[in-house]
Amino acid sequence: MRNSKITWAVVAGAVVALLAGVGVAIAMNRSSNNTAAAPVSSAGASWAATAPSASAAPAESPGADIKGPLDLVLVGVDTRTSIPGWEPHADTVMLLHVDAGLKNAYLYSLPRDLRVDMPAYKKAGFSGGRYKLTEAMSRGSRIPGEKTKKSTEQGYELLTKSLSAYTGIKTFQAGAVLNFAGLSKLVDALGGIDMNIDQKVKSRHHKPDGTNRPIAPGGGDHTGPQMIYQVGERHLVGWQATDYARQRYGLPNGDYDRQRHQRQMVSAIMTKAFSEGVQDPAKLKDVIEAIGDSLVYVGGRTPFEYAYALKDLTPEKITLVDLPGAGVSSGGKYVGEQLKSEGTGFLKALVKNKAAAYLKEHPKLVNKL
C-alpha cells in the first residue's frame, strides 16, 4: 500500500503540474528521445514515461531548457457523459502565472460567468460575440455537421483564445481539462487531503454518506439530507473534496467563495503530494493512464518536462489571489459577472511582470489558507 501511495504522490504532483503549473521535485534523467508529445492528448495516450537504461549516456534533463515566465490553464468541466451530445462547460477556470525564474507563482481564478468577447472560431462554425466565459468550451466544442460528437480540444482552444483577448496574456504554454471524477480519483489515491474549511458549506449534491441527493419532484433543486462541511481543519476524501469545492449556492459570495475553495483544494493536493514524497517517475505513465478520459492534456511539451522545469516551485511559493467581481445586469436581468478595478489591475500588472509589487499595494487580494 505504501508503494501505491508514493506512486500516486508522483502523479498528484505531475497532474497538478499539468493542471495548475505547479512543479514537483522529481529527478529526471532520461534521453530526449523519450519526450515527444502530441499537442493534444488524452491522459497518457501519446507520451512516454520510460526510465533510461543503465547504459544510457548522460543527457540534459528534459525540461531544463524551459524558461519563464509561463502561463498555464486548469479547466474543470461540467461533463455529463451519459447524455449524448452533451457540450462541456468550463465550470472552473484557474490560471497560474510562473515568474521568469520559475520559483514563484500566482494562482488565480476567473468567474465562470465572466462576460468576455469571444473571437470567431471557424472550426466550430462560431461567428464570435460577447458571452459568459463558461460558454467558450461548449461553443468551441461543436463540430459542424455532427449532432452528437463534440471536441473538448476545440473547446479548450476557443477558451484560451477568449482568455488571451480578455487578460492580455498572448500565449498559454500548456493546460489541462479535468472532470470531477478524475479529481476525486486523484484525491483518493493520495489518501485524502487536509483542508482548512473557512466557512460552513451545505452540499447541494450529496448526502452525508456520499450518495447523490435526488432531484426534487418537478426538477430544479435537490432533496433529502445534506452533507455539511463545518468550519475548521478537516480531512476530506475524494468525493468530499470535490463536493466541497464545487458548491456555490447558499454561500455569501456565491461563485467567488467557490473559486477560493477550489484554489485552496489545489494547494492542499500539492501539500499532500509533497508530504508523501515524489519518487519513481518511471511509474508515472501507468498511473496517469488510470485516470483515463478524466484528463485531457494540452501542450507542446510533456508533463514530465514541465514537472522538471518547475521542480523548485513548492506549494508555499504559490500565492493564491482573489480577483473581486460583481454582477452585470441588462434590462433588469442578470447577464453575468465583471471584475472590479482591483482585479483587472492585477491582470495588467501580471502581463507587465509586476504582480508582486501590485499585491504589495493590494494585500487584501492575497487569499489566506
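Scroll up to find the structure.
Residues numbered from 1 in each chain as written. Predicted model: local features only at pLDDT ≥ 70, side-chain atom pairs only at ≥ 80, totals over all residues. Heavy atoms only, no water.

### Things to note about the pattern of salt bridges
Here is step 1: According to the stated counting rule, one finds 13 salt bridges in the structure shown.
Here is step 2: Across the salt bridge formed by Asp-221 and Arg-204, the nearest N and O atoms sit 3.2 Å from each other. Of the two residues, Asp-221 sits in the loop between β9 (201–202) and β10 (228–229) while Arg-204 sits in the loop between β9 and β10, which places them 17 residues apart along the sequence.
Here is step 3: For Arg-204, a relative accessible area of 22% corresponds to the partly exposed category.
Here is step 4: For Arg-258, the salt bridge identified is with Asp-255, shortest N-O distance 3.0 Å. Taken together, the positions of Arg-258 and Asp-255, both in helix α6 (residues 255–276) and three residues apart, correspond to about one turn of that helix. Across the pair, exposure class does not vary: Arg-258 and Asp-255 are buried alike. (Salt bridge = Lys/Arg side-chain N within 4 Å of Asp/Glu carboxyl O. Helix = DSSP H or I, 4+ residues; strand = E, 2+ residues; numbered from the N terminus. Buried < 20%, exposed > 50% of the residue type's maximum accessible area, 1.4 Å probe, protein only.)

### Let's talk about helix α4 (residues 180–189)
Here is step 1: Here α4 has its buried residues at Gly-182, Leu-183, Ser-184, Leu-186, Val-187 and Ala-189.
Here is step 2: Trailing α4 by a residue or two, Gly-191 shows a phi angle of about 85 degrees, which is positive.

### A look at the nonpolar core
Here is step 1: The biggest cluster of nonpolar side chains holds 37 residues, and the ones touching the most others in it are Val-75, Tyr-108, Leu-163 and Phe-346.
Here is step 2: Mapped by element, the contributors of at least two residues to this core are β2 (70–78), β3 (89–98), β4 (105–110), β5 (115–118), α2 (135–141), α3 (152–167), α9 (341–351) and α10 (355–361).
Here is step 3: With sequence-adjacent residues up to four places away left out, Tyr-108 is seen in contact with Val-93, Met-94, Leu-95, Ile-169, Arg-263, Val-321, Leu-323, Phe-346, Leu-347 and Leu-350. (Core = buried A, V, L, I, M, F, W, Y, C linked by side-chain atoms within 4.5 Å. Contact = heavy atoms within 4.5 Å.)

### Side note on the side chain of Asn-367
Here is step 1: Considering the arrangement of structural elements, one finds Asn-367 in the segment after α10.
Here is step 2: Look at Asn-367 and you get buried, because its relative accessible area is 7%.
Here is step 3: Residue contacts for Asn-367: discarding those within four places in its chain leaves Arg-260, Arg-263, Gln-264, Leu-320, Val-321 and Asp-322.

### Description of the packing of α4 against helix α5 (residues 238–246)
Here is step 1: Put simply, α4 and α5 touch, their axes get as near as 7 Å, and they point 130 degrees apart. In terms of their interaxial angle, α4 and α5 are classed as oblique. Taken as a pair, α4 and α5 cross one another with a handedness that is right-handed. Of the residues in α5, those in contact with Phe-180, Leu-183, Ser-184, Val-187 and Asp-188 of α4 are Gly-238, Trp-239, Ala-241, Thr-242 and Arg-246.
Here is step 2: A per-class count over the contact of α4 with α5 returns five nonpolar, three polar and two charged. (Axes fitted to C-alpha atoms, helices over the stretch in contact; angles between N-to-C directions. Parallel < 35°, antiparallel > 145°, perpendicular 65-115°, else oblique. Left-handed = near helix turned anticlockwise from the far one by under 90°. Nonpolar A, V, L, I, M, F, W, Y, C, P; charged D, E, K, R; others polar.)

### Section: the environment of Leu-102
Here is step 1: Within the secondary structure, Leu-102 is located in the loop between β3 and β4.
Here is step 2: Judged by its relative accessible area of 8%, Leu-102 is buried.
Here is step 3: In the structure, Leu-102 is positioned 210 residues away from Asp-312 in sequence and 7.4 Å away in space, judged by C-alpha atoms.
Here is step 4: With residues up to four places along the chain from it excluded, the contact list for Leu-102 reads Ile-66, Lys-67, Gly-68, Leu-70, Ala-309, Leu-310 and Leu-313.

### Observations regarding the environment of Gly-345
Here is step 1: Mapped onto the fold, Gly-345 is located in helix α9.
Here is step 2: Each C-alpha atom, one on Gly-345 and one on Tyr-358, is 8.1 Å from the other, the two residues being 13 residues apart in sequence.

### Digging into unusual backbone geometry
The general pattern is negative phi for most residues beyond glycine and trans for most peptide bonds.
Here is step 1: Here Gly-68 and Pro-69 are connected by a cis peptide whose omega angle stands at 0 degrees.
Here is step 2: Considering the arrangement of structural elements, one finds Pro-69 in the loop between β1 (40–42) and β2.
Here is step 3: Positive phi is not limited to glycine here, since Leu-102 has a value of about 60 degrees.
Here is step 4: Look at Asn-353: it is not a glycine, yet its phi comes out positive at around 60 degrees.
Here is step 5: If you trace the backbone, Asn-353 turns up in the loop between α9 and α10.
Here is step 6: For Asn-353, a relative accessible area of 49% gives the class partly exposed.

### Here's the deal with the packing of aromatic side chains
Here is step 1: Using the criterion set out here, one finds five aromatic pairs in the structure.
Here is step 2: For the pair Phe-126 and Tyr-131, a centre-to-centre distance of 5.8 Å together with 50 degrees between the ring planes defines the contact as tilted.
Here is step 3: For Phe-126, a relative accessible area of 9% translates into the label buried.
Here is step 4: Here Tyr-131 falls in the partly exposed class, since its relative accessible area comes to 24%.
Here is step 5: Taken together, the ring pairs in this structure connect Tyr-106, Tyr-108, Phe-346 and Tyr-358 into an aromatic cluster.
Here is step 6: Its guanidinium or amino end placed over the ring of Tyr-131, Arg-139 lies 3.8 Å from that ring's centre, counting from NZ or CZ.
Here is step 7: When the ring centre of Tyr-249 is taken as reference, the NZ or CZ atom of Arg-204 above it lies at 4.3 Å. (Phe/Tyr/Trp six-rings, centres within 6.5 Å; stacked < 30°, edge-to-face > 60°. Lys NZ or Arg CZ within 6 Å of the ring centre and 35° of its normal.)

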